[in-house]
Amino acid sequence: MNCEEFRNLWSDWHDGHDDADDAAMVRHRDTCPECARHDRQMRALLDGLATLPLPGEQEQPERAGWAAPRWAALAATLVIGIALGLVLAQREGPASTPEAAPVELAVAGEQRIAIAVESPRRYDDVEFTVQLPEGVELAGFPGQREVRWTGSLSEGRSRLRLPLRVSSDAWGGELVARIRHAGGERQLVVPLVDGSVAVEIDEVSA
Amino acid sequence: MRNPVRSLQAKRFERAIGPSMDHLRRLATRLTGSTADAEDLLQDLMLRLQSRMEEVAALEKPRPWLSRVLYRLFVDEWRRRRSTPEIDASVEPDDGAGDEVQPEDAFEQGLTRTRLQRALDRLPAFQREIIIMHDVEGYTLVEVAEITGTPTGTLKSRLHRGRGTMRADLAGD
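The rules behind the values
- Residues numbered from 1 in each chain as written.
- Chains lettered and ligands numbered in written order.
- Predicted model: local features only at pLDDT ≥ 70, side-chain atom pairs only at ≥ 80, totals over all residues.
- Heavy atoms only, no water.
- Phe/Tyr/Trp six-rings, centres within 6.5 Å; stacked < 30°, edge-to-face > 60°.
- Helix = DSSP H or I, 4+ residues; strand = E, 2+ residues; numbered from the N terminus.
- Buried < 20%, exposed > 50% of the residue type's maximum accessible area, 1.4 Å probe, protein only.
- Lys NZ or Arg CZ within 6 Å of the ring centre and 35° of its normal.
- Expected span 1.5 Å × (residues − 1).
- Axes fitted to C-alpha atoms, helices over the stretch in contact; angles between N-to-C directions.
- Parallel < 35°, antiparallel > 145°, perpendicular 65-115°, else oblique.
- Contact = heavy atoms within 4.5 Å.
- Nonpolar A, V, L, I, M, F, W, Y, C, P; charged D, E, K, R; others polar.

1. Some points on the packing of aromatic side chains
Residues and elements named next belong to chain A.
Okay, step 1: Within this structure, the stated rule accounts for 2 aromatic pairs over all chains.
Okay, step 2: Taken together, a centroid distance of 5.4 Å and an interplanar angle of 15° make the contact between F128 and W149 stacked. A residue pair is termed long-range when its members are at least 10 positions apart, and F128 in strand β4 (residues 123-131) and W149 in strand β6 (residues 146-153) qualify at 21 residues.
Okay, step 3: Owing to a relative accessible area of 3%, W149 belongs among the buried residues under this scheme.
Okay, step 4: Between R43 and the ring centre of W13, over which it is positioned, the NZ or CZ distance is 5.3 Å.

Quick look at the structure:
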């Protein structure tokens, strides 16, 4: 057996199908370091897939001082979707910072804001920045008041989903979403206000 | 005025689909990639099934049948929506983890759930869906064949290619 055969038969072998000769596969793996590595990687991949959480069930790190038990109790009821618009211009125009209608913060728990982004064309190496007020954090990034990452934007409409965690001592402030790309930069300010009134759905464009 | 026959039919329908709802919701969530879209897909499914209450109520094993209808609905009307670009801020930012990983262990240690999910999302739909059902949800090849209406030989080939693509993607090959 050669390396190509080993790799072509690996899935059948792993899944217990008859197509692969078990003894030949084991013999080749045990004598070929490259295929042994391939075997380890494939098994690690499948182990990872078998324990992949359902979307929306990502494990969240806990942080001292945050009301963890209340998260659990309230999470199911406090997921709110809000559509806000941010339009990227083809060319850099005058700086503008639209302000969205205020969003009522959940008393404590999880809350989701979805910002619709309209892009005239595809952009790679787009820098996304989200700034958060005291007591509000991006799920998965505990304690970070500013989270920055890079990605790409396709032409047309994308959704920037921001799963927020609101602590019991959050009093409001501003969420600032900034998108920097080859054609310029756009920013959207979302006022976050303390309260428990139902959220309005608004659209804002730059 | 209530129609007693219709009401009885509705009850039988609910009894037939009730035990499968968690399973259907899970499958819908995996396929659409979001709990909100999964709920919408399930709503669509229920609307479709309303006119087939009698047929559903008479099913001996409703789960495979319902899974198949759900999957067809997803393929026909929802798969395209999934391809709409989305950025999930909870998974995109790079927190710098893994910077000090040694090359030999890099693949295993770099297999975070975020990277796995992204690599899965990058697969072509026909490979992603079989990996979701077979490798993530643990369906047998026969069950996947029944749900998707695809021969097992084709599924094995797609599984092989999809896994290989994911490995190469995650290994940076």
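2. Here we look at helix α2 (residues 21-32) of chain B
Residues and elements named next belong to chain B.
Okay, step 1: Taking 1.5 Å per residue, 12 residues should reach 16 Å; α2 reaches 16 Å between its end C-alpha atoms and fits that length.
Okay, step 2: Among the 12 residues in α2, 9 count as buried, and that is most of the element.
Okay, step 3: Burial in α2 covers these residues: M21, H23, L24, L27, A28, T29, R30, L31 and T32.
Okay, step 4: Once α2 ends, the next one or two residues include G33, with phi positive near 85°.

3. Some thoughts on the packing of helix α3 (residues 33-50) of chain A against helix α10 (residues 152-171) of chain B
Two measures define how a pair of helices packs: the angle their axes make with one another and the distance between the axes.
Okay, step 1: Relative orientation of the contacting elements α3 of chain A and α10 of chain B amounts to 100°, with a least axis distance of 10 Å. Put simply, α3 of chain A runs roughly perpendicular to α10 of chain B. Two secondary-structure elements touch here, α3 of chain A through H38, Q41, M42, L45, L46 and L49 of chain A and α10 of chain B through R163, G164, M166, R167, L170 and A171 of chain B.
Okay, step 2: Per-class residue counts for the contact of α3 of chain A with α10 of chain B are 7 nonpolar, 3 polar and 2 charged.

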